[in-house]
Amino acid sequence: MKKILLLSILTCLTVASYAQKFGHINSQELLSLMPERIEAQEELQKHAERLESQLMSMQSEYQAGIQEYQNNEANYDDLKKQDKIAEIQGLEQRMTTFQQSAQESIQKKEQELFTPLLEKAQNAINDVAKDGKYTYILDTSSGSLLYYEDSEDILSKVKKKLGIK
């Protein structure tokens, strides 16, 4: 009796494992094909260029301050020299702070622009997985998949779901 029960459990497990359906997709390729990505990338680039322009302006002001100090150093008394040096150091500190803030701003803007794209792609993948009754969808762009011959690439189905040709 125990052997029959064990045999029927093993049979059920074997049948259940064959019922699983696997698929794979390269999510990076999918994101690169989404038309919204181009707009987001352009907006991010414009944001970065505005920040870079501000930094260049600060660097010009810094270089002008150094040049003016070097040109007139012989004419300055000690108090004026200290004042000019402090002014230059203040500009240098402002530039360093601005660079750090700019990097944080770019990262924040990138997240703000690309999170909706990632969510849209994930929702389309979820829909295709549910419609196709997939058990697992593996992302080949992450490098964690070594063998996928028996799985189906669902990129074309997700592109169709998103209206991408």
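Note that the coordinates shown come from a computational prediction; the quantities given were computed from them, not determined experimentally.

Caption draft 1: Up close: the pairing of strand β1 (residues 22–25). One ladder, built from four bridges, connects β1 with strand β2 (residues 136–139); its direction is parallel. Counted as the bridge partner of His 24 is Leu 138 from β2. Of the strand pairs in this sheet, β1 and strand β3 (residues 152–153) are connected by two bridges, and their pairing is parallel. When the bridges of β3 are listed, His 24 appears paired with Asp 153.

Caption draft 2: Local environment of the side chain of Lys 84. Mapped onto the elements, Lys 84 comes out in helix α4 (residues 78–131). Among the residues examined, Lys 84 registers a relative accessible area of 11% and is labelled buried. Apart from residues no more than four positions distant in its own chain, Lys 84 is found in contact with Glu 68, Tyr 69 and Tyr 76.

Caption draft 3: The arrangement of the environment of Leu 31 in detail. Here Leu 31 lies in helix α2 (residues 27–33). Excluding residues that lie within four positions of it along the chain, Leu 31 makes contacts with Arg 37, Leu 117, Leu 118 and Ala 121.

Caption draft 4: Inspection of a nonpolar patch on the surface at higher detail. A cluster of nonpolar side chains, Phe 22, Tyr 136 and Leu 138, forms an exposed patch at the surface whose accessible area comes to about 260 Å². Within the fold, Phe 22 resides in strand β1.

Caption draft 5: Here's a closer look at the packing of helix α3 (residues 35–72) against α4. The contact between α3 and α4 brings their axes to 10 Å, and the two run at 180°. One element, α3, and the other, α4, form an angle in the roughly antiparallel class. Looking at side-chain class alone, the contact of α3 with α4 contains 19 nonpolar, seven polar and twelve charged residues.

Caption draft 6: The environment of Leu 113, seen in detail. Counting through the fold element by element, Leu 113 comes out in helix α4. The class for Leu 113 is buried, based on a relative accessible area of 13%. Residues Leu 113 and Gln 41, spaced 72 residues apart in sequence, show a C-alpha to C-alpha distance of 8.2 Å. Apart from the residues lying within four places of it in its own chain, the contact partners of Leu 113 are Ala 40, Glu 43 and Leu 44.

Caption draft 7: α4, seen in detail. Relative to the 80 Å expected for 54 residues at 1.5 Å per residue, α4 spans 79 Å between its end C-alpha atoms, a close match to the ideal helical length. Of the residues trailing α4, Lys 133 is marked for its positive phi of about 55°.

Caption draft 8: Quick peek at the sheet that holds β1. Pairing within the open sheet is parallel, and its three strands lie in the order β2-β1-β3. The open sheet is flanked by β2 and β3, the only strands paired with a single partner.

Caption draft 9: Structural detail: the nonpolar core. Core analysis: the largest hydrophobic core is formed by 20 residues, its most contacted members being Ile 25, Leu 30, Met 34, Phe 114, Ile 154, Val 158 and Leu 162. Those elements giving two or more residues to this core turn out to be α2, α3, α4 and α5 (155–162). With eight residues, α4 is the largest single contributor of residues to this core. With residues near it in sequence (within four places) discarded, Phe 114 still touches Arg 37, Ala 40, Gln 41 and Leu 44. Counting eleven residues, the second-largest nonpolar core is a separate cluster that includes Leu 55, Met 58, Tyr 69 and Met 95.

Caption draft 10: Local environment of the packing of aromatic side chains. Taken as a whole and judged by the stated rule, the model has two aromatic pairs. Where Phe 22 meets Tyr 136, the ring centres are 5.3 Å apart and the plane angle is 15°; that geometry is what we call stacked. One end of the pair, Phe 22, is in strand β1; the other, Tyr 136, is in strand β2, with 114 residues separating them in the sequence. The cationic tip of Lys 21 hangs over the ring face of Tyr 134; the distance from NZ or CZ to the ring centre is 4.6 Å.

Reading guide: rules and limits
Residues numbered from 1 in each chain as written. Predicted model: local features only at pLDDT ≥ 70, side-chain atom pairs only at ≥ 80, totals over all residues. Heavy atoms only, no water. Pairing = 2+ DSSP bridges. Helix = DSSP H or I, 4+ residues; strand = E, 2+ residues; numbered from the N terminus. Buried < 20%, exposed > 50% of the residue type's maximum accessible area, 1.4 Å probe, protein only. Contact = heavy atoms within 4.5 Å. Patch = residues over 30% accessible without salt bridge, like charges linked within 9 Å, V, L, I, M, F, W, Y side chains within 5 Å. Areas by Shrake-Rupley, 256 points an atom, 1.4 Å probe, with all protein chains shown as cover. Salt bridge = Lys/Arg side-chain N within 4 Å of Asp/Glu carboxyl O. Axes fitted to C-alpha atoms, helices over the stretch in contact; angles between N-to-C directions. Parallel < 35°, antiparallel > 145°, perpendicular 65-115°, else oblique. Nonpolar A, V, L, I, M, F, W, Y, C, P; charged D, E, K, R; others polar. Expected span 1.5 Å × (residues − 1). Core = buried A, V, L, I, M, F, W, Y, C linked by side-chain atoms within 4.5 Å. Phe/Tyr/Trp six-rings, centres within 6.5 Å; stacked < 30°, edge-to-face > 60°. Lys NZ or Arg CZ within 6 Å of the ring centre and 35° of its normal.

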